[in-house]
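For reference, the chains in residue letters:
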Amino acid sequence: MKLERAATWDEIRAICANLESPLRCVDSAVQDRMKAEVDHVLRAGDSVGGTFEVVAHGVPTGLGSHAQWDEKLDGRLARAIMSIQAVKAFEIGTGVGNAAAYGSEVQDEIGYDSGAHRFTRPTNRAGGVEGGITNGEDIIVRGYLKPISTLRKALGTADLVTKQEIRAAYERSDVCVVPAAGVAGEAMVALVLAEAFLEKFGGDSLGETQRNFEGYMKQLDKF
């Protein structure tokens, strides 16, 4: 099961501040169903995977690059999320669903807010990154985790010495590591964005970096 709608930024902030939330899902009813599934898997001696989502709000336009394959911000985010243990797939925006949709259903139309002096998009299917560069919308990425392999219900394996078939030894099992992986995902996204921010604005001190950033934002206001 999953949340069948986009969470608002206020909902995300509230649930992240709630340290008593077991799974950090913004919808309590959906979270209860998730928790019931985890409890079922625990009783069965099995494990379960899942998906975590990281949202970066207020990221300035223009971070990243389209010029080189290893400078594209979406590629760097993918590498960071995929580096987390048990993550087997990555998504930005609605990328997975986009693969089975028509172009007219996928593209984010572009408008312009003359008051804010910013280009806008009524949708954010791109997940905040276009052509490897941030577009000013929220950056939305997801990591897909496999169920961890340390099961109470041991699976078959082979002995490294005798090469004979045996049952795997049980040491421990967390059953579901999605909440912990989400915290790691937040840290990895923050590191990638901080690196891209410093590449864009540079400086030998925080004051110099802030000056460069503020000058850039004024430049955008005049565009």
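Residues numbered from 1 in each chain as written. Predicted model: local features only at pLDDT ≥ 70, side-chain atom pairs only at ≥ 80, totals over all residues. Heavy atoms only, no water.

A. The overall build of the protein, seen in detail. The secondary structure content of the protein amounts to seven helices and nine strands. In terms of overall dimensions, the protein has a C-alpha envelope of 70 × 40 × 40 Å along the principal axes. Excluding contacts between residues fewer than 6 apart, the proportion of contacts in the protein whose partners are at least 24 apart in sequence is 62%. Side-chain charges in the protein split into 25 positive and 32 negative, and the spacing between the mean points of these groups amounts to 3 Å. (Helix = DSSP H or I, 4+ residues; strand = E, 2+ residues; numbered from the N terminus. Contact = heavy atoms within 4.5 Å. Lys, Arg positive; Asp, Glu negative; His and termini not counted. Charge placed at Lys NZ, Arg CZ, Asp CG, Glu CD.)

B. Region of interest: the sheet that holds strand β2 (residues 87–92). The three strands lie next to each other as β1-β7-β2, forming an open sheet whose pairing is antiparallel. The sheet is open, and its two edges are formed by β1 (50–56) and β2, each paired on a single side. Neighbour-to-neighbour, the strand axes of this sheet turn through a mean angle of 20°, independent of strand direction. Pairing geometry for β1 and strand β7 (residues 139–145), over seven bridges, is antiparallel. In the sheet register, T51 faces β7, and the bridge partner there is Y144. Along the sheet, helix α3 (residues 73–82) makes contact with β1, β2 and β7, crossing β2 at roughly 150°. (Pairing = 2+ DSSP bridges. Axes fitted to C-alpha atoms, helices over the stretch in contact; angles between N-to-C directions.)

C. Main features of the nonpolar core. Counting 29 residues, the largest nonpolar core has F52, L73, L77, I139, V141 and L145 as its most contacted members. Of all the elements in the fold, those that place two or more residues in this core are β1, α3, β2, β7, α6 (178–201) and α7 (206–221). If we ignore the near neighbours within four places in the chain, the residues touching L73 are L63, G64, V129, G132, T134, I139, V192, L193 and A196. (Core = buried A, V, L, I, M, F, W, Y, C linked by side-chain atoms within 4.5 Å. Buried < 20%, exposed > 50% of the residue type's maximum accessible area, 1.4 Å probe, protein only.)

D. Broad picture of the pattern of salt bridges. This model, assessed by the stated rule, comprises 12 salt bridges. A salt bridge links D39 to K35; the shortest N-O distance between them is 3.3 Å. Remark: K35 and D39 occur in helix α2 (residues 28–44); sequence separation between them is four residues, near one turn of the helix. In this structure D39 comes out as partly exposed when scored by relative accessible area, which is 27%. Put simply, R142 and E91 hold a salt bridge, and the shortest N to O gap is 3.2 Å. Of this pair, R142 sits in strand β7 while E91 sits in strand β2, and the two are 51 residues apart along the sequence. You'll find R142 and E91 in the same group, each marked buried. Put simply, E53, E91 and R142 are held in one network by salt bridges that share partners. (Salt bridge = Lys/Arg side-chain N within 4 Å of Asp/Glu carboxyl O.)

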